[in-house]
Each structure stands twice: as C-alpha cells, then as structure tokens.
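Observations on chain architecture
Given next are the chains, with one letter for each unit.
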Amino acid sequence: MMKFLNQILCLSLVLSISMSSTLSFAQTCSNYKFSSNNVFDSCNDLPFLDSFLHYTYESSTGSLHIAYRHTKLTSGKWVAWAVNPTSTGMVGAQAIVAYPQTDGTVRVYTSPIRSYQTSLQEGDLSFNVSGLSATYENNEIVVLASLKLSQDLGNGGTINTVWQDGSMSGNSLLPHPTSGNNVRSLSTLNLVSGVSAAAGGAGGSSKLRKRNIHGILNGVSWGIMMPIGAIIARYLRVAKSADPAWFYIHVFCQASAYIIGVAGWATGLKLGGDSPGIQYSTHRAIGIALFSLATVQVFAMFLRPKPEHKHRLYWNIYHHTIGYTIIILGVVNVFKGLGILSPKKQWKNAYIGIIVALAIVATVLEAFTWYVVIKRRKLEAKTAQHGASNGSRSQYA
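What counts and how
Residues numbered from 1 in each chain as written. Predicted model: local features only at pLDDT ≥ 70, side-chain atom pairs only at ≥ 80, totals over all residues. Heavy atoms only, no water. UniProt positions renumbered as here; feature names shortened; annotations may be inferred. Core = buried A, V, L, I, M, F, W, Y, C linked by side-chain atoms within 4.5 Å. Buried < 20%, exposed > 50% of the residue type's maximum accessible area, 1.4 Å probe, protein only. Helix = DSSP H or I, 4+ residues; strand = E, 2+ residues; numbered from the N terminus. Expected span 1.5 Å × (residues − 1). Pairing = 2+ DSSP bridges. Axes fitted to C-alpha atoms, helices over the stretch in contact; angles between N-to-C directions. Phe/Tyr/Trp six-rings, centres within 6.5 Å; stacked < 30°, edge-to-face > 60°. Lys NZ or Arg CZ within 6 Å of the ring centre and 35° of its normal. Contact = heavy atoms within 4.5 Å. Polar contact = N/O pair within 3.5 Å; in protein donor to acceptor, adjacent residues only side chain to side chain.

- Under the annotation held in an unreviewed UniProt entry, the protein chain carries the name Cytochrome b561 and DOMON domain-containing protein and is attributed to Arabidopsis lyrata subsp. lyrata.
- Entered under Subcellular location (unreviewed entry) in the UniProt record, the comment concerning the protein chain runs "Membrane".
- Taken verbatim from the UniProt record of the protein chain, the Function (unreviewed entry) comment is "May act as a catecholamine-responsive trans-membrane electron transporter."

Below, the structure written as structure tokens:
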C-alpha cells in the first residue's frame, strides 16, 4: 500500500511541476499585403492576442510609422496598441485605441494611461501622433499611425510596447480581462535590430515567471501533497505493521506541503503588491484562509493530548475538521488559479486526472479499511467470547 501511494505521489509531482504555458502562431506577418498598398521595413508576430506589428523607423528623425493588426476579432471588441516610455507595464503607456462603432464606422484615437483604473479616455500623448486611421474588415482591425519619438531613445533604440483587447457595451469600452494572455501582452522592441522579446527577458516576463512559480508551488502543496498526506493518515494506520511509521510519513508530507504552500502564498502576496490594479478577490481570500488554517493546524500539533487523555476526542474532531477544510479549499483554489493563469488545457486536465485518481484511491481504501475494521472487530469479539467461555468452564471444574 505504501509503495502504491509513493508511486501516486511521484506521478503527481512530475505532472504538476511540468505546468507551464506556451503559445504558437500559424500566421506570420512577413507575407501580409495591405489593401492600401502600405509597405513597411520590418514586422513582428506578437506572441499573444493574435496581433502583428508592421513598422518603419527613421532613426535620423525619430519617426516611427506603424501598422498594428489585431486579427480573429469577434463583434463588439476594442483593441489598443501602446508605447510606454517609462516602464514595461500598463501604467504610463501612450495608447492608440480603435473599435468598430454601432453605425459601422471605426473610431480611432489616442489615450494616455495614467492608472490601472483607466477607462481609456481620449487625450494627447507625450509624443506627437499623425496620420491616425483604422479599418475593420474580415474580423481584423488595422491601425495606421506615425509617431514622433525622441531621436535619442536612450535604450539603444529599444521601446516598451503593450497591446490589448476587450469587450464593449454599445459604444462603451469595458475593462479588458485580467488573466491569461491579456496580462502577457507586453514586450520590448529594438527598432534598429528588429529584435523583440517579452518584457523582462527573452524567456518571458518576470511577472509571468512569478505567476507560474506561484501556481506550481500551490498546486503541488495545497492541491496534491495535502490530500496525499490525509490519505496516508487515514488508511495506513489500519495496518498494525505500519504503526508508528504512518504517523511520521503523514507529518513529513503535511509539513512539506505547508512549507511549500507558504512559499507559494508569499509569491502570491508579492504578485498582488506588484499589480495593485489587478485583483482576484476570491482567490486571494481563499489563499489567506488556507495559510491561516494551516498555521493553526501546525501549532496545534504541539498541543496534541496523549491518546488516553480525556480531551483527545475533541482534539481529534478539531484536527480532522480543519484538515479536511484545508484540503477542500486547497483544491478549489488550485482551480481558481488555473482559471487565472489560463495554461494549456492539457495541464488542467492533468490536475483533474490527479484529483480523480486520488479520489478513486481513497474510495477503494475506504471500503478496504471498513472491511478490515469490521473483520477485526468480529475476530476480537469472537476471541473475547471464547475467552469468557473458557473462564466459566474453569471456574466450575
């Protein structure tokens, strides 16, 4: 039984630690021809949101001529592309916004973003913009513009770019989603070399890496190790040969899960502090509740009465109630986190498979445990009855 549980644990850890998110494009920008016969020197396939950037940069004048294409749009969507002169994020971005209006025309305008709570109001940017226009055909918006940037960008010709999309209500813009690819759509672009990279490094943004680390740590700890530790405690203790080994295995598993979970919880707090305008209230509240309950559970171990103590029954009720509450909240919050990270579907399916496998194992072991317990009680009752019978015969012998 212990060997089987160890195999489940190893499989769970391997599948969980593999969680990451990648995305590939079938389209490329290099073979695209504009209906307006515009020609640009360079283009980039943007890594998220089905978008492309075509551009010509004149380093002598600091002029940047761009065509931003956002494809595969459904009706009632707005799009935006921006340069951020001050940072790699959303705040400070100088945006160009476009959307199809209800009368069939396309509105395009500039909007400086000063906070996360922006409603993309029209306003002047920190640099001049001319030749602004936009078209909407075949579920694709194309924005054309000329930007007058500083002739000395100070970063070797590198700019920070952000692009986005969101839904609309009539002609009113609604906030864009705050999960999945909508929080990954930022990059740096070297206008001289044409090299583009996800903001924060070629391997992906530092914030995205932190989100993935946060997800893996919490998925492994609260979502997998905690349930396995509970299974070990409930079912291995039935085997008399496993006593007291089951207890130490249980403590090791739960203590390891707690330590890893606290690390994941701390990265979550850091992510929240770095993104004050992005809030996942339910996910955050459950995370705080998990940390609080698990911390109380850990310290309660130091107050555990001996088995024969009159208060041990009440301690057991408390311990089991808090423990199973932690497991339920942990699994629920892992699914909340998967919804926020939006990884490939196979990783969510993998976690579902792990939980289903653990549930099946628990069900089978529950039935087997009751079989063993009932059989043992019958045997003990029979032995006691036989002993009493022998004692009675010897008394009258």
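**Here we look at the nonpolar core**
- Counting 33 residues, the largest nonpolar core has W222, M226, I228, I231, I326 and Y351 as the members making the most contacts within it.
- Going through the elements one at a time, α2 (206–236), α3 (245–274), α4 (281–300), α5 (312–341) and α6 (345–395) are the ones with two or more residues in this core.
- The dominant element in this core, judged by the number of residues it contributes, is α2, at 13 residues.
- Ranked by size, the runner-up nonpolar core spans 27 residues in total, among them L53, I66, L147 and W163.

**Side note on α5**
- In this model α5 runs 43 Å from its N-terminal to its C-terminal C-alpha over 30 residues, within 8% of the 44 Å that 1.5 Å per residue would give.
- Count one or two residues on from α5 and you reach S342, which has phi positive near 50 degrees.

**Quick look at the sheet that holds strand β2 (residues 51–58)**
- A sheet is described by the order of its strands in space; here five strands give the open sequence β1-β2-β3-β8-β7, paired in antiparallel fashion. Lying at the two open borders of the sheet, with one neighbouring strand each, are β1 (42–45) and β7 (128–137). Ignoring which end each strand starts from, the neighbouring axes of this sheet average 15 degrees apart.

**Considering the packing of aromatic side chains**
- Evaluated as defined, the whole model comprises eight aromatic pairs.
- Taking 5.5 Å as the distance between ring centres and 75 degrees as the angle between the ring planes, the aromatic pair formed by F247 and Y248 counts as edge-to-face.
- Judged by centre distance (6.4 Å) and plane angle (45 degrees), the rings of F299 and F302 are tilted.
- When its relative accessible area of 54% is taken as the criterion, F299 is described as exposed.
- Judged by relative accessible area, F302 falls into the exposed class, the value being 67%.
- Grouped by ring-pair contacts, the aromatic residues Y32, F34 and F40 constitute a single cluster.
- In this structure, R69 packs its charged tip against the face of Y32, placed 3.5 Å from the ring centre.
- When the ring centre of Y109 is taken as origin, the NZ or CZ atom of R107, which lies over that ring, is 4.2 Å away.

**Some details on α4**
- The end-to-end C-alpha distance of α4, which contains 20 residues, comes to 28 Å, matching closely the 28 Å that a straight helix rising 1.5 Å per residue would cover.
- Taken as a whole, α4 has its buried residues at H283, I286, G287, L290, A294, T295, Q297 and A300.

**A look at the UniProt feature "binding site: heme b" (unreviewed entry) in the protein chain**
- With numbering matched to this structure, UniProt assigns "binding site: heme b" (unreviewed entry) to H214, H250, H283 and H319.
- Positionally, H214 belongs in helix α2.
- Look past the residues within four positions of H214 in its chain and what remains in contact with it is G264, T267, G268, L271 and H283.
- At a separation of 2.7 Å, a polar atom in the side chain of H214 contacts the main-chain carbonyl oxygen of G264.
- In this fold, H250 is placed in helix α3.
- Discounting chain neighbours no more than four positions away, the residues touching H250 are G229, A230, I232, A233 and H319.
- Here the side chain of H250 touches G229 through a polar contact of 2.8 Å, landing on its backbone oxygen.

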